[in-house]
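Survey of secondary and tertiary structure
So the chains spell out like this:
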Amino acid sequence: MSHSGEQILRPSRWKTSLPLFVSLAFVAIGILVMDGSWMALLAIAFFGLGSLVFVVTILPGATHLRLHADGFEMRTLFKTSHCRWSDIGEIGVTSVYMNRMVAFNFAEPYRSQHGAVVVSRALTGWDGALPDTYGMSARDLAALMTTYRDRARVRDATP
């Protein structure tokens, strides 16, 4: 993988499909044991809605991480968020329960102007995190993002 050009990383199809299969299994169980109780109906509705969300997630173009010279773009469920490298401070790896993920803190000028994400920082020690590792280990993705950020800093500091 080149570290200089744009890269678009996509989540693992298997990792994304697993929750879909689990949700569909719970929907099937709810239908099979449906006894008219509100608990069965609630389970079917909850896991049915979850199944729809997971189906949308695996549609082409619904989810990706795009790394480029000026920053990164996260797309989840067709909603896109952008961050400039100049707004990103430290990049590292954190764990939430058993899930290892890439996390980041905003640079001080950005944090002062926009306010840090207080709840996220209180829970994890980080301002934000990526929702996936996009087929890479969290450590490798954090290193790749750090390379992009550092190159942007060098480029921006060069007159």
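Preceding block: the structure.
Conventions we followed
- Residues numbered from 1 in each chain as written.
- Predicted model: local features only at pLDDT ≥ 70, side-chain atom pairs only at ≥ 80, totals over all residues.
- Heavy atoms only, no water.
- Pairing = 2+ DSSP bridges.
- Helix = DSSP H or I, 4+ residues; strand = E, 2+ residues; numbered from the N terminus.
- Contact = heavy atoms within 4.5 Å.
- Axes fitted to C-alpha atoms, helices over the stretch in contact; angles between N-to-C directions.

**Side note on the sheet that holds strand β5 (residues 88-96)**
The strand order β5-β6-β7 describes an open sheet built from three strands, whose pairing is antiparallel. Of all strands in the sheet, those with a lone pairing partner are β5 and β7 (128-129), marking the two edges. Inspection of the sheet shows strand β6 (residues 99-106) paired to β7 by two bridges, in the antiparallel sense. Within β7, the position partnered with Ala103 by the bridge is Ala129. Relative to the sheet, helix α5 (residues 138-157) contacts β5 and β6, its axis offset from that of β5 by approximately 175°.

**Focus: the pairing of strand β3 (residues 71-76)**
The sheet contact formed by strand β2 (residues 64-68) and β3 spans five bridges and is antiparallel. If you follow Arg66 over to β3, its bridge partner there is Glu73. Counting the residues that bridge the hairpin from β2 to β3 gives two residues. Inspection of the sheet shows β3 paired to strand β4 (residues 79-84) by six bridges, in the antiparallel sense. Considered in β4, the bridge of Arg75 is made with Thr80. Taking the residues that link successive antiparallel strands as the turn, the β3-β4 hairpin has two residues, and the phi of Leu77 there is positive, at about 55°.

The analysis is restricted to geometry; functional conclusions fall outside its scope.
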